Amino acid sequence: MKTLGRILIILIAFAIAMSITYMAVNANGSTSASGLSFQGGGEDFRSVGLRPESQDEGSSVSGIIFGLMKNIIIVAFVVAMVAFPKNLMQQRRRAVPVRTN
Amino acid sequence: MSETITKTKNQTKLKLVIDIAIFIAFLIAMDPRSSGIAVHEWLAVSALAAIFVHLLLSWDWIVQITRRLTSKMNSQTRINYILNWALFIDVTVVMLSGLMISQVVMPSLGISLPQNFTWRSLHDLSANLFLVLLGLHTALHWSWIADTFKRYIFQPLGSLFSTKSKKDITA
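Residues numbered from 1 in each chain as written. Chains lettered and ligands numbered in written order. Predicted model: local features only at pLDDT ≥ 70, side-chain atom pairs only at ≥ 80, totals over all residues. Heavy atoms only, no water.

Trainee: Just to check I follow, could you spell out the environment of Leu129 of chain B for this structure?
Mentor: Along the chain, Leu129 of chain B falls in helix α7 (residues 117–140). Residues Leu129 of chain B and Ile62 of chain B, 67 residues apart in the sequence, show an inter-C-alpha distance of 22 Å. (Helix = DSSP H or I, 4+ residues; strand = E, 2+ residues; numbered from the N terminus.)

Structure follows, in structure tokens:
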């Protein structure tokens, strides 16, 4: 019961954030059409060339590994930029001798 | 007492497994050109369920920090809390914009959404931001990650090999 309540709170938070985003995009006035239209209601991004990723390309193991490695390098770079200076600062703080009167 | 310790240990293990799964899933999903659009969309949708579990496992921390937010607090904890909210909002934007430009998930449900370039650019922008936020989130939890890896993965593996080598010596 407690977990269900927590899930509900997370869902509400998600719904609020999604509603704000949806309203912000719609208020932007750049929407071509609003609301849902069921299948057959228009061209998709691929046919008009707006979405470069092609579904026909499919997923290859080497492609997945390459993508994985590329993103790992980006994340590792950010981690190194933050974690190492942080650890260094902590070590320095520990190394400073405590003055006793 | 020992029951509580066992429960905490199991929760930490579960958290580690889920975090690794979310991390790998997002790293694969973040590159749709190489993984393919179907893998990209379905993996992201299923990662959402894992994020729910991740939030549920961190619930006590979230509640504790939210209550103490106005009082005096460690600056690192405050930064961590703000960053986590930014990550939550960014994930929501990534998911919503992704669903709005979906080519696989939404059509499979029989829903076709009108094309909108704003959603597309918002999806790109929030996804790039997500990668940076994920890096920062990982960096701020680096000591926990390193400790948990050492305790639950490296140490058991090390002890496994050391007992094996001891047996080899005695044999």
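Trainee: How should the pattern of salt bridges be read in this particular structure?
Mentor: Pairing between side chains of opposite charge can happen when their charged atoms approach one another. Counted by the stated rule, this structure contains 3 salt bridges over all chains. For the salt bridge of Asp60 of chain B with Arg6 of chain A, the shortest nitrogen-to-oxygen distance reads 3.9 Å. Remark: Arg6 of chain A occurs in helix α1 (residues 2–27) and Asp60 of chain B occurs in helix α4 (residues 59–68); the pair is interchain, linking two chains. We classify Asp60 of chain B as exposed; its relative accessible area is 54%. Between Asp124 of chain B and Arg120 of chain B there is a salt bridge, with the nearest N and O atoms lying 3.8 Å from each other. Of the two residues, Asp124 of chain B and Arg120 of chain B are both situated in helix α7; the distance of 4 residues between them amounts to about one turn of the helix. (Salt bridge = Lys/Arg side-chain N within 4 Å of Asp/Glu carboxyl O. Buried < 20%, exposed > 50% of the residue type's maximum accessible area, 1.4 Å probe, protein only.)

Trainee: What exactly am I supposed to notice about the packing of α1 of chain A against helix α5 (residues 75–100) of chain B here?
Mentor: In a pair of packed helices, the angle between the axes and the distance between the axes together describe the arrangement. Where α1 of chain A meets α5 of chain B, the axes come as close as 9 Å, and the angle between the chain directions of the two elements is 65°. In this structure, α1 of chain A crosses over α5 of chain B, and the sense of that crossing is right-handed. On α5 of chain B, the residues that touch Ile10, Ala13, Phe14, Ala17, Met18, Thr21 and Tyr22 of chain A of α1 of chain A are Phe88, Thr92, Val93, Met95, Leu96 and Met100 of chain B. Among the residues forming the contact of α1 of chain A with α5 of chain B, the class breakdown is 11 nonpolar, 2 polar and no charged. (Axes fitted to C-alpha atoms, helices over the stretch in contact; angles between N-to-C directions. Left-handed = near helix turned anticlockwise from the far one by under 90°. Contact = heavy atoms within 4.5 Å. Nonpolar A, V, L, I, M, F, W, Y, C, P; charged D, E, K, R; others polar.)

Trainee: Help me out: how do you make sense of the layout of surface pockets in this one?
Mentor: The probe, sized like a water molecule, is rolled over the atoms to show the empty space still left. One number sums up the size of the second largest pocket: a volume of about 570 Å³. Lining the second largest pocket are 29 residues; nearest its centre among them are Ala29, Pro32, His40, His123 and Ala127 of chain B. Looking at the lining of the second largest pocket, the elements that each hand over two or more residues are α3 (61–95) of chain A together with α1 (2–29), α2 (32–35), α3 (37–57), α5 and α7 of chain B. The greatest single-element share of the lining of the second largest pocket, amounting to 6 residues, is contributed by α7 of chain B. (1 Å grid on protein atoms, 1.4 Å probe; cavity = no way out; pocket = protein on both sides within 12 Å on 5 of 7 lines; lining within 4 Å. Points joined across faces, edges and corners; volume = space filled by probe spheres on them.)

Trainee: Mind showing me how you'd approach the nonpolar core here?
Mentor: Soluble, globular proteins show a tendency: their nonpolar side chains are buried together. Core analysis: the biggest nonpolar cluster contains 35 residues, and Ile10 and Val75 of chain A together with Ile22, Phe26, Ile51 and Phe130 of chain B have the highest contact counts within it. Going through the elements one at a time, α1 and α3 of chain A together with α1, α3, α5 and α7 of chain B are the ones with two or more residues in this core. The element best represented in this core is α3 of chain B, accounting for 8 residues. In terms of nonpolar packing, the next biggest core, distinct from the first, is built from 8 residues, Leu96, Ile101, Met106 and Leu113 of chain B among them. (Core = buried A, V, L, I, M, F, W, Y, C linked by side-chain atoms within 4.5 Å.)

Trainee: How do you make sense of α3 of chain A when you look at a structure like this?
Mentor: Side chains of residues three or four places apart in an α-helix project in the same direction, reflecting 3.6 residues per turn. Residue and element names in this part refer to chain A. The terminal C-alpha atoms of α3, which comprises 35 residues, lie 48 Å apart, in line with the 51 Å expected from a rise of 1.5 Å per residue. Along its length, α3 reaches its greatest deviation from straightness, about 25°, at Ala80. Restricting attention to buried positions, one finds in α3 the residues Gly63, Gly67, Leu68, Asn71, Val75, Val78, Val79, Ala83 and Lys86. (Expected span 1.5 Å × (residues − 1). Bend = angle between axes of the 7 residues up to and from the residue.)

Trainee: Would you take a moment to explain a nonpolar patch on the surface for this structure?
Mentor: Residue and element names in this part refer to chain A. A cluster of nonpolar side chains, Leu8, Ile12, Ile16, Ile20 and Met23, forms an exposed patch at the surface whose accessible area comes to about 510 Å². Tracing the sequence through the fold places Ile12 in helix α1. On the accessibility criterion, Ile12 (46% relative accessible area) is partly exposed. (Patch = residues over 30% accessible without salt bridge, like charges linked within 9 Å, V, L, I, M, F, W, Y side chains within 5 Å. Areas by Shrake-Rupley, 256 points an atom, 1.4 Å probe, with all protein chains shown as cover.)

Trainee: Any chance you could explain the confidence of the model for chain A here in plain terms?
Mentor: Reading predicted coordinates in detail is not appropriate for stretches of low pLDDT. The predicted model of chain A has a mean per-residue pLDDT of 72, with 62% of residues at 70 or higher. Counting contacts from residues 33–57 of chain A, a segment whose pLDDT is below 50, to residues more than four positions away or on other chains yields 52 contacts. (pLDDT = per-residue confidence, 0-100.)

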